[in-house]
Amino acid sequence: MSLEQWSAVDSYFSEMLIPADPVLEAALKHCTDAGLPSINVAPNQGKLLHMLAQIRGASRILEIGTLGGYSTIWLARALPPGGSLVSLEVSHVHADVARKNIELAGLSDVVTIIVGRAADTLEKLAADHVEPFDLVFIDADKENNPTYLKGALKLSQQGTLIICDNVVRKGRVMDADSSDPDVQGTRRFFELLAAEPRLTSTAIQTVGIKGWDGLSISIFTGPR
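In this text the structure is predicted, and so the values were computed from the model without any measurement.

Let us now look at the layout of surface pockets. Taking a probe equal in size to a water molecule and rolling it over the atoms shows the remaining empty space. Of the voids in this model, the largest pocket is the one considered here, and its volume is about 840 Å³. Lining the largest pocket are 45 residues, and of these I39, D139, A140, K142 and N166 sit closest to its centre. Listed by contribution, the elements that provide at least two residues to the lining of the largest pocket are α1 (3-17), α4 (70-76), β2 (84-89), α6 (118-127), β6 (199-208) and β7 (211-220). Examining the composition of the lining of the largest pocket, we find that 4 residues originate from one element, β7, more than from any other. Tallied by class, the residues present in the lining of the largest pocket amount to 16 nonpolar, 16 polar and 13 charged. Its boundaries defined by the atoms lining it, the second largest pocket holds a volume of some 200 Å³. Sorting the residues of the lining of the second largest pocket by element identifies α1, α3 (43-56) and β6 as the ones contributing at least two each. It is α3 that provides the largest number of residues to the lining of the second largest pocket, a total of 5 residues. Of the residues in the lining of the second largest pocket, the class split is 8 nonpolar, 5 polar and 2 charged.

Structure representation (C-alpha cells):
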C-alpha cells in the first residue's frame, strides 16, 4: 500500500459520503492563500468530528489549536441552538484567517477564538470556573499534549469526550528514544491517559491523504 492509494480511498469516501461544500472548500483555499501549513484534518475526519459531537450531544466544545478554522467549522456545525465553541490559537495570523472563515460559514455568533498560549488560557478558564465542556478536541503542538490534557481534565464533566489528533506520528510513537519533542510529548500524553482513573480511553491508527497517523478518544467519567 502507498500514500497514493490511501489518498485515493479517502477521495472516494469523501466523494461518496460528503457533499460538496463551498464554505469548507473556500476555507481551505483561504488557508493555502495565507500560507498556513496544510495540516488541517481531512474532510472525512472533519465529518467524523462533526458526528462525534452530534452523538455526544455536545453543546459546549473546546478546541485546542484553531489553525485556519476548518475543523472549527465542522465542530461548530454540530452544535445545537444555544451551543458554543471556544477555540484556542497561539498565532494571530492563523486566528485572523480562521475568523474570516468562520464568518463566511455564518458561525461567528457561536465561535470564540482566544489568542495566546493554550496552556495559559486553559489555566485561566479553569481559574474563572467556566462551565465545563462536553467535548474537547486537542490538535495543537504535540510537545505540549500532556499539558493540554491536564488542562482539559480541569474543564471536563461526567461524559466529556476528549479527542486528540496525530498520535501515531507515522509510527514514531513507538520510539521511546526519539529526540523529537512531538514524539516524546505524545508518549507522555499516552502515559497520562493510561494512568488517569477518570478516563476511559482508546486509540486508533488511520491512513489517508494525511499519511499514517491516528487519534485517541477518551471519556471523562469523573469526578472533577
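Next, the rest of the story.
What follows is about the packing of aromatic side chains. Enumeration over the complete set of coordinates arrives at 2 aromatic pairs. With a centroid separation of 6.1 Å and 45° between ring planes, the pair formed by Y12 and F13 is classed as tilted. Classification of F13 as partly exposed rests on a relative accessible area of 39%. Each ring, one from F189 and one from F190, has its centre 5.8 Å from the other, and the planes form 75°; the classification is edge-to-face. Owing to a relative accessible area of 0%, F189 belongs among the buried residues under this scheme. Residue class for F190 comes out partly exposed when judged on its relative accessible area of 26%. It is R60 that lies over the ring of F133; its NZ or CZ is 4.3 Å from the centre.

Tracing the backbone through its elements, the reader meets S178 in the loop between β5 (156-165) and α8 (181-195). Its relative accessible area of 14% is what places S178 among the buried residues. Spatially, the C-alpha atom of S178 lies 20 Å from that of G211, the residues being 33 residues apart in sequence. When sequence neighbours within four positions are dropped, the list of residues in contact with S178 reads V183 and Q184. Within polar-contact distance, the side chain of S178 engages the backbone nitrogen of D180 at 3.0 Å.

Turning to unusual backbone geometry, a few remarks are in order. With omega at 0°, the peptide bond leading from G222 into P223 counts as cis. Within the secondary structure, P223 is located in the segment after β7. At L67, a position not held by glycine, the phi torsion is positive, near 50°. Residue position: L67 is located in the loop between β1 (60-64) and α4. The phi dihedral of R169 is positive, around 55°, even though this residue is not glycine. The residue R169 is located in the loop between β5 and α8 in this model. The class of R169 is buried, set by a relative accessible area of 14%.

It is worth spelling out the pattern of salt bridges at this point. The final tally for this structure, using the stated rule, is 11 salt bridges. Put simply, D96 and R99 hold a salt bridge, and the shortest N to O gap is 3.5 Å. Placement of both D96 and R99 in helix α5 (residues 92-104) is noted, with a separation of 3 residues, approximately one turn of the helix. With a relative accessible area of 42%, D96 lands in the partly exposed category.

Reading guide: rules and limits
- Residues numbered from 1 in each chain as written.
- Predicted model: local features only at pLDDT ≥ 70, side-chain atom pairs only at ≥ 80, totals over all residues.
- Heavy atoms only, no water.
- 1 Å grid on protein atoms, 1.4 Å probe; cavity = no way out; pocket = protein on both sides within 12 Å on 5 of 7 lines; lining within 4 Å.
- Points joined across faces, edges and corners; volume = space filled by probe spheres on them.
- Helix = DSSP H or I, 4+ residues; strand = E, 2+ residues; numbered from the N terminus.
- Nonpolar A, V, L, I, M, F, W, Y, C, P; charged D, E, K, R; others polar.
- Phe/Tyr/Trp six-rings, centres within 6.5 Å; stacked < 30°, edge-to-face > 60°.
- Buried < 20%, exposed > 50% of the residue type's maximum accessible area, 1.4 Å probe, protein only.
- Lys NZ or Arg CZ within 6 Å of the ring centre and 35° of its normal.
- Contact = heavy atoms within 4.5 Å.
- Polar contact = N/O pair within 3.5 Å; in protein donor to acceptor, adjacent residues only side chain to side chain.
- Salt bridge = Lys/Arg side-chain N within 4 Å of Asp/Glu carboxyl O.

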